[in-house]
Amino acid sequence: MVNMIRPEEKVKELSEEKKDDIMKNFTEFRDFLGHKVETGEKVGIGEDALTKNAKRLADYLAKHEEPRNREEPLLREMWNVSNKDERNHIAHVLVKLVDRPNDYCETG
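Residues numbered from 1 in each chain as written. Predicted model: local features only at pLDDT ≥ 70, side-chain atom pairs only at ≥ 80, totals over all residues. Heavy atoms only, no water.

### Here we look at the overall build of the protein chain
The number of helices and strands found in the protein chain is six helices and zero strands. Walking the protein chain from its N terminus toward its C terminus, one meets helices and strands in the order α-α-α-α-α-α. Classification of the 108 residues of the protein chain by burial places 37% in the buried group. For the protein chain, the proportion of contacts with a sequence separation of at least 24, taken over those separated by at least 6, is 71%. Looking at the protein chain as shown, the accessible area adds up to about 7200 Å², and 52% of this sits on carbon and sulfur atoms. (Helix = DSSP H or I, 4+ residues; strand = E, 2+ residues; numbered from the N terminus. Buried < 20%, exposed > 50% of the residue type's maximum accessible area, 1.4 Å probe, protein only. Contact = heavy atoms within 4.5 Å. Areas by Shrake-Rupley, 256 points an atom, 1.4 Å probe, with all protein chains shown as cover.)

### What about the environment of Arg56?
Following the sequence through the fold, Arg56 ends up in helix H4 (residues 47-64). For Arg56, a relative accessible area of 25% corresponds to the partly exposed category. Expressed as a C-alpha distance, the spacing of Arg56 and Arg6, which sit 50 residues apart in the sequence, is 7.7 Å. In this structure, Arg56 is in contact with Arg6, Pro7 and Glu8, ignoring residues within four places of it in sequence.

### Some words on helix H6 (residues 84-98)
Taking 1.5 Å of rise per residue, the 15 residues of H6 would be expected to cover 21 Å, and the 21 Å separating its terminal C-alpha atoms lies within 8% of that figure. Residues of H6 that are buried: Arg87, Ala91, Val95 and Val98. Each buried residue of H6 sits inside an arc of 80° when the element is viewed along its axis, so together they form one side. In H6, the exposed positions that point more than 90 degrees away from the buried face belong to Val93 and Lys96. (Expected span 1.5 Å × (residues − 1). Arc of directions from axis to C-beta.)

### Things to note about empty space enclosed by the protein
With the rule as written, the count across this model stands at one cavity of 30 Å³ or more. As a volume, the largest cavity reaches approximately 70 Å³. Lining the largest cavity, in full, are Val11, Leu14, Ile22, Met23, Phe29, Phe32, Leu33, Leu57 and Leu61. Every element with two or more residues in the lining of the largest cavity is listed here: helix H2 (16-23), helix H3 (26-42) and H4. Among the elements that take part in the lining of the largest cavity, H3 stands out by supplying three residues, more than any other. When the residues that make up the lining of the largest cavity are grouped by side-chain class, the tally is nine nonpolar, no polar and no charged. (1 Å grid on protein atoms, 1.4 Å probe; cavity = no way out; pocket = protein on both sides within 12 Å on 5 of 7 lines; lining within 4 Å. Points joined across faces, edges and corners; volume = space filled by probe spheres on them. Nonpolar A, V, L, I, M, F, W, Y, C, P; charged D, E, K, R; others polar.)

Fair warning: the whole summary comes from geometry, so function is off the table for now.
Written out as structure tokens, the structure reads:
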């Protein structure tokens with residue numbers, strides 16, 4: 001198994017300026033996560049592990065970061081009202097969303 005730093009630890013290492021750059025709009029956030037998923041796939045991380053990491057990241061963001069774009073309040077609310085199984089599904093869908101070309105959806 002590939003040894004990776006937990007996603008919440010990586011977020012903690014980012015400066016506030018870098019977090020703002022990534023999270024200022026949903027397209028930037030989606031592209032950032034898409035790059036991380038692509039990198040994980042290239043080093044052999046499977047879909048289940050990617051989903052687990054997406055869940056860890058979402059848990060951290062919901063607890064420790066304020067929404068910085070118009071989509072994040074909805075994502076946070078959905079996350080907070082979901083049970084464990086539902087959160088796994090949301091994380092899986094998020095991985096699928098960022099693991100495809102982003103030409104279909106532009107927000108700003």
